Each structure stands twice: as structure tokens, then as C-alpha cells.
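Chain and residue survey
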Amino acid sequence: MSEQARRTPVGPPRRLGTPTPAHLSSDVLERAHQLISLYPEPRSALIPLCHLAQEQDGWLTPEAMADIAGLVGVTPTEVLGTATFYDMLHTEPVGTHVVSICTNIACILNGAAELLEHAESSLGVNAGGTPIDGTITLEEAECLADCDRPPCVQVNHRFVGAQTPESFDQLVAELRAGSRAADIPNHGTLIRVRRTTGLVADPEQVASERADMAEAQAQRAAAAEAAKTASDSAGAKS
Ligand code: FES
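To start, this report covers the structure provided alongside it. (Residues numbered from 1 in each chain as written. Predicted model: local features only at pLDDT ≥ 70, side-chain atom pairs only at ≥ 80, totals over all residues.)

Considering the overall build of the chain
Our working rule: Numbering of helices and strands starts at the N terminus; helices are DSSP runs of H or I of at least 4 residues and strands are runs of E of at least 2. Counting other C-beta atoms within 10 Å of its own, a residue is labelled buried from 20 upward, exposed at 12 or fewer, and partly exposed in the gap between, with every C-beta atom placed from the backbone. Throughout, a residue-residue contact means that the two C-beta atoms, derived from backbone geometry, are no farther apart than 7 Å.
Broken down by element type, the chain carries nine helices and four strands. Reading the chain from its N terminus to its C terminus gives the helix and strand order α-α-α-α-α-β-α-α-β-β-β-α-α. For the chain, the proportion of its 238 residues judged to be buried stands at 27%. At a minimum sequence separation of 6, the contacts of the chain that also span at least 24 residues come to 66%.

Okay, structure coming up:
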């Protein structure tokens, strides 16, 4: 088999994402392009773009994943495969508040199982479920790194401290009433204030550096090919 044939993948051609993003808003797209410019390879920005899309919609919709795939040059399936690896990314709709109860060792020894049972009963859903009003998604979590305040509870990845069944009900009532909006923004919001300095790259400089990198790669490939040809030819003569 020739070298070219050996390198050519078999199977159907890869279907990359939407060539022109249709779902992400213009603001999100602008930020997406800024993020992509920070990395040597566009696909390295995949996870930050997933967070951006999740901030827009509250979860990662198929349409957003198709847009992201097109932006970074991968298939929507590759975006989905990456997103499903990470707990913070949700590929199905979730409530505006994702409530996570840790049931790992320090928390289970301090009432986490009873708290989770109470939460399931009071919300009327099993862990992983969302009551019909769409405000809360209940989640059973592994260690959340707040082991000294068991049983540990997070809402939208913000720590809310140890909870009793009574304080949990109070917390849920506050979330539903919107009175915790100041300290717990809706699901998907990582930061409220965007940086305007620091993490910004000059697009022309990035394009120039990418061109230099591609040229260097091409030169290395040509040198390796020449060395191989010389070696083959020396072997044939001996
Ligand atoms: S065991 Fe629950 S936060 Fe670590």
C-alpha cells in the first residue's frame, strides 16, 4: 500500500459543522472569534466556545454545537463527544438553576443521602430531573471540593454551604422567587463581567504566526521526505 493510500482515512467523508453560524448571536460570535484567535489551532477553543453557547441558551443545543463545529473545523459529533465528557456542559435542557448535592464520602457521612432523598421528594423528581416549572434541575454530584462543609450543595456551580432539609427548601423558594439573582446568575453564566484587556490577540499577528508555523511544518516534512529518499537510495546501492 502506498504512503498516500495508508494516510487516507477510509469511510464516508467527515461532515463539518455549519459553514455559516446561524444560531449563535452576533455578540457570542464576536467573542468566539476572539477566543479562537488565542489558540494556535482553532479546535483548541472548543470547550470555551461550548461555555459561551451554554451561556446563551442555558444548555448546549444541537444548533449551537453545529455552529461551534463549523467555527473550529470539526464535526458536530466531535463537539458532542467532547461536551458529554464534562459535567459542567449539558447537552440536554436543564433548569435555570442546577442544584448539585455531593454524595461523596465526607458528605454521605454527614447527611447527604438524607438531604438528596428530601430534595427528590420535595421537588417531585429523581436526581437528574427537572420539575415542570423548569426552574430547578436536581443533580447528584461527586466530590465538589468543599468537604469541610458537608453535605455540600452548589447552585449553578456556586457554593451555597451545607444544607439541612429545612434550609434546602428555603433555598429552593428563594431561587424560584428570583431573590438569589444577585449571587447566583442563571445556569450557564460563568462570569458577569467580561475582560476587556489581556486575553485579546491581534488577528493579523495570529494569521502571520499561523502562516509561519505552516511553513515550518512544510519545511520539516520536505526535509524528512528528502532524508528518507536519500536513505532508500543508499540502501538500494548497497
Ligand atoms: S465529599 Fe462532598 S465536597 Fe468533598
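Now that the structure has been shown, the text picks up again.
Quick look at the packing of helix H3 (residues 46–57) against helix H4 (residues 62–72)
We apply this condition: Comment: axis = line fitted to C-alpha atoms, over the contacting stretch for helices; angle = value between 0 and 180 degrees taken between N-to-C directions. Reported orientations rely on four angle classes, namely roughly parallel under 35 degrees, roughly antiparallel over 145, roughly perpendicular from 65 to 115, and oblique for the rest. A crossing counts as left-handed when the near helix is turned anticlockwise from the far one by less than a right angle, and as right-handed when that turn is clockwise.
Contact geometry of H3 with H4 gives a least axis separation of 10 Å together with a crossing angle of 150°. The angle between H3 and H4 places the two elements in the roughly antiparallel class. Two packed elements cross with a definite hand, and for H3 against H4 that hand is right-handed. Where H3 approaches H4, its residues Leu46, Leu49, Cys50, Ala53 and Asp57 are matched on the opposing element by Ala64, Ile68, Leu71 and Val72.

What to know about unusual backbone geometry
Going from Pro150 to Pro151, the amide bond is cis rather than trans, its omega being -10°. The residue Pro151 is located in the loop between strand E2 (136–141) and strand E3 (153–155) in this model. Residue Ala145 is not a glycine yet carries a positive backbone phi of 65°. Counting through the fold element by element, Ala145 comes out in the loop between E2 and E3. With a phi close to 70°, His157 is a non-glycine residue in the positive phi region. Inspection of the secondary structure puts His157 in the loop between E3 and strand E4 (158–159).

Some points on the packing of H4 against helix H5 (residues 76–83)
Rules: For this scheme, ten residues count as nonpolar: Ala, Val, Leu, Ile, Met, Phe, Trp, Tyr, Cys and Pro. Four count as charged, namely Asp, Glu, Lys and Arg, and the remainder, Gly too, count as polar.
Contact geometry for H4 and H5: axes closest at 8 Å, N-to-C directions at 110°. Comparing the axis directions of H4 and H5 gives the class roughly perpendicular. The hand of the H4/H5 crossing is right-handed. For the pair formed by H4 and H5, the contact residues are Met65, Ala66, Ile68 and Ala69 on the first element and Pro76, Glu78, Val79 and Leu80 on the second. Split by residue class, the contact of H4 with H5 holds seven nonpolar, no polar and one charged.

What about H3?
Put simply, the test is: To estimate how far a helix should extend, the number of its residues minus one is multiplied by 1.5 Å.
The end-to-end C-alpha distance of H3 is 17 Å, a good match for the 16 Å that 12 residues give at a rise of 1.5 Å each. Of the surrounding secondary structure, the elements contacted by the buried residues of H3 are helix H2 (26–37), H4 and H5. Directly after H3, the chain includes Gly58, whose backbone phi takes a positive value near 90°.

Focus: the nonpolar core
Basically, it comes down to this: The term nonpolar core refers to a group of buried residues, namely Ala, Val, Leu, Ile, Met, Phe, Trp, Tyr and Cys, whose C-beta atoms join them within 7 Å. Domain ranges listed in this record stem from an automatic or a database domain assignment.
Core analysis: the biggest nonpolar cluster contains 44 residues, and Leu49, Ala53, Ile68, Val72 and Ile101 have the highest contact counts within it. Top contributing element to this core by residue count: H4, with seven residues. Structurally, this core is a two-domain feature, drawing no fewer than three residues from each of domain 1 (15–83) and domain 2 (97–177). The contacts of Ala53, once residues within four sequence positions are left out, are Leu24, Val28, Leu60, Ala64 and Ile68.

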